[in-house]
Amino acid sequence: MNQTAKIINQAKKEGRKALLETEAKTICTEYGIPVTKFNLAKNEKEASTQADQIGYPIVLKIVSPDIIHKTEAGGVMVNLKNAADVASGYKKIIENVTKYKMDAKIVGILVQEMAPQSTEVIVGAIKDPQFGQTVMFGVGGIFVELLKDVNFRVAPLAAEDAKEMITQLKAFPLLNGYRNSPPADIEALASILCSVSRLVMDNPEIKELDLNPIMAYPKGAKTVDARIILE
Ligand code: ADP
Ligand code: MG
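In this text, all values refer to a predicted model and were calculated from it rather than measured experimentally.

Criteria and cut-off values
Residues numbered from 1 in each chain as written. Chains lettered and ligands numbered in written order. Predicted model: local features only at pLDDT ≥ 70, side-chain atom pairs only at ≥ 80, totals over all residues. Heavy atoms only, no water. Patch = residues over 30% accessible without salt bridge, like charges linked within 9 Å, V, L, I, M, F, W, Y side chains within 5 Å. Areas by Shrake-Rupley, 256 points an atom, 1.4 Å probe, with all protein chains shown as cover. Salt bridge = Lys/Arg side-chain N within 4 Å of Asp/Glu carboxyl O. Buried < 20%, exposed > 50% of the residue type's maximum accessible area, 1.4 Å probe, protein only. Donors = N, O, S within 2.8 Å, 3.2 Å for Na, K, Ca; no water. Helix = DSSP H or I, 4+ residues; strand = E, 2+ residues; numbered from the N terminus. Near = heavy atom within 4 Å. Polar contact = N/O pair within 3.5 Å; in protein donor to acceptor, adjacent residues only side chain to side chain. Nonpolar A, V, L, I, M, F, W, Y, C, P; charged D, E, K, R; others polar.

*Asks:* Let's hear about a nonpolar patch on the surface: which residues, and what values?
*Replies:* A contiguous nonpolar surface patch, about 320 Å² in accessible area, is contributed by Ile142, Leu146 and Leu147. According to the relative accessible area criterion, Leu146 is exposed, its value standing at 62%.

*Asks:* Tell me about the coordination of the magnesium ion (ligand 2), residues and numbers included.
*Replies:* Distances from the magnesium ion (ligand 2) to its protein donors, Asn212 (O) and Asp225 (OD), fall at 2.2 to 2.6 Å. Separated by 13 residues along the polypeptide, Asn212 in strand 8 (residues 206-216) and Asp225 in the loop between strand 9 (221-223) and strand 10 (226-230) bring together distant segments of the chain. Judged by its relative accessible area of 30%, Asn212 falls in the partly exposed class. Given the relative accessible area of 10%, Asp225 is considered buried.

*Asks:* Just give me the short version of the site of ligand 1, but keep the residues and values in it.
*Replies:* Of all residues adjacent to ligand 1, which total 18 residues, the nearest are Lys61, Thr71, Gln112, Ala115 and Asp225. Lys61 places a side-chain nitrogen or oxygen 2.7 Å from an oxygen atom of ligand 1. Interatomic distance of 2.8 Å between a backbone N/O atom of Ala115 and a nitrogen atom of ligand 1. At the level of secondary structure, the elements contributing two or more residues to the shell around ligand 1 comprise strand 2 (58-63), strand 4 (108-113) and strand 8. Split by residue class, the shell around ligand 1 holds seven nonpolar, five polar and six charged.

Here it is as structure tokens:
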């Protein structure tokens, strides 16, 4: 029943602080946070079969406890259009990652649906030494990185808090149908914030959580990358 506790205990037992993307996304799913469909492949053939089942285009990503920033390691390939590209992508990622870190332990390759491009948002959580579990929201790209346009609230969040975190951003017009950007489903984003709040309140051993990016659509949203770090 409780996958989250199982995953966290297993990581602790193995002395791992960073959960794998598969683990983080399984936990998200248990808390009702929408994530891309995914499967773990152990070889090229499995990857192609899984890609056929999920449907194209496909994204492949390295799953390794030694690789936290996957792009940096050459561990992400997007927009693969058929089984042959998936098989060669699999090989290429293993090659890149091995070059990047020779002794990286490779669990497998994550085969996942490619989420259509949209406005990207970021949801995070950190365990503040003074205030405890704190949830963060921002719009992806320069808004977070350059302009530091993010909102924080100490958990637990009420639905109203979650809404305010979104609507009080300077970049909010981008989520509200500004010029070329499609309006985002604010209810869906607020619901993700509340779910993250529940997740980190239920699991005090989570030190950091990072859903980056989440694609925000006119109807619904989808988490593309998830990271969870334990104490
Ligand atoms: P990391 O942050 O570890 O480098 P990500 O999983 O965030 O790896 O992948 C890097 C980028 O690739 C993302 O920011 C996103 O733009 C794109 N991407 C990754 N997975 C998907 C997906 N399933 N659908 C669409 N785009 C994706
Ligand atoms: Mg990422």
